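Chain by chain, the residues:
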Amino acid sequence: QVQLVESGGGLVQAGDSLRLSCAGSGGTFSMYTMGWFRQAPGKEREFVAAISRRGGITYYADSVKGRFTLSRDNAKNTVSLQMNSLKSEDTAVYYCAARFGPWAIVLRPDEYGSWGQGTQVTVSS
């Protein structure tokens with residue numbers, strides 16, 4: 001199983017941008033569909049975005065579509081989530097996740113086998 005480490009979280013103001021990164025190790029990174037999830041206090045973990053193994057397909061939650069962009073660099077074993085026009089409701093702990101296998105739209109957290117430790121994103125209004 002690939003191990004994942006997120007970075008890039010922080011405190012920003014509404015309307016600002018932030019870029020999260022996730023580095024993978026210990027596995028063949030290019031064999032994994034990668035996703036981002038987030039969890040706000042008192043809420044369930046929710047799907048944010050996912051990207052196919054080669055990066056040619058992306059899928060976003062409606063709440064972030066048009067504002068967030070997911071990309072990956074398999075040569076560097078990294079995936080990045082560019083977040084623009086941030087809103088207070090984007091405040092959450094963001095988690096990088098990996099699912100072994102080909103592309104499918106998978107929104108359930110329990111379908112992903114590897115997780116990072118999470119990084120806090122706080123958007124002040």
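Everything that follows concerns the structure shown earlier in this document.
Along each chain, residue indices are assigned from 1 in the same order as the chain's sequence is written. Reporting of local features is limited, given that this is a predicted model, to residues whose pLDDT is at least 70; pairs of side-chain atoms are given and counted only at 80 or more, and all residues count toward the totals for whole chains, interfaces and linings. Based on all heavy atoms of the structure, the side-chain values leave hydrogens and waters out of the count.

**Student:** Break down the nonpolar core for me, citing the residues and quoting the values.
**Tutor:** The nonpolar side chains of a soluble globular protein tend to be buried with one another. Membership of the largest hydrophobic core comes to 35 residues, with the highest contact counts inside it found for M34, W36, V79, L81, M83 and Y94. Counting only elements with at least two residues in this core, the list comes to β3 (18-25), β4 (32-39), β5 (46-51), β7 (68-73), β8 (78-83), β9 (92-100) and β11 (119-124). Between two residues, a contact is recorded if the distance between any of their heavy atoms is within 4.5 Å. Each residue touching M83, except ones within four places of it in the same chain, is listed here: D16, S17, L18, L20, R67, F68, Y94 and V121. In this description, a nonpolar core means a group of buried Ala, Val, Leu, Ile, Met, Phe, Trp, Tyr and Cys residues linked to one another through side-chain atoms lying within 4.5 Å. Burial classes: relative accessible area under 20% of the type maximum marks a residue as buried, over 50% as exposed, and values in between as partly exposed (1.4 Å probe, protein chains only). The helix count covers DSSP runs of H or I at least four residues long, the strand count covers runs of E at least two residues long, and both are numbered beginning at the N terminus.

**Student:** I'd like a rundown of the environment of M34, residues and numbers included.
**Tutor:** In this fold, M34 is placed in strand β4. Leave out the neighbours within four places in its chain, and M34 touches L4, C22, F29, A49, A50, I51, L70, R72, V79, C96, A97 and A98.

**Student:** Go over the side chain of S52 with me, naming the residues and quoting the values.
**Tutor:** Here S52 lies in the loop between β5 and β6 (58-60). In contact with S52, not counting residues within four places along its chain, are I57, R72 and W103.

**Student:** Quick one: what's the story with the packing of aromatic side chains, residue by residue and with numbers?
**Tutor:** Pairing of aromatic side chains requires ring centres within 6.5 Å, counting the rings of Phe and Tyr and the six-membered ring of Trp. Pairs whose planes differ by under 30 degrees are stacked, by over 60 edge-to-face, and all others tilted. Counted under the stated rule, the structure contains 7 aromatic pairs. Taken together, a centroid distance of 5.3 Å and an interplanar angle of 75° make the contact between Y32 and F100 edge-to-face. One end of the pair, Y32, is in strand β4; the other, F100, is in strand β9, and 68 residues separate them in sequence. Judged by centre distance (5.9 Å) and plane angle (40°), the rings of F47 and Y59 are tilted. One end of the pair, F47, is in strand β5; the other, Y59, is in strand β6, with 12 residues separating them in the sequence. Using a relative accessible area of 10% as the deciding quantity, one classes F47 as buried. Of the residues examined, Y59 reaches a relative accessible area of 30% and is grouped as partly exposed.

Scope: geometric values only; no functional claims are made or implied.
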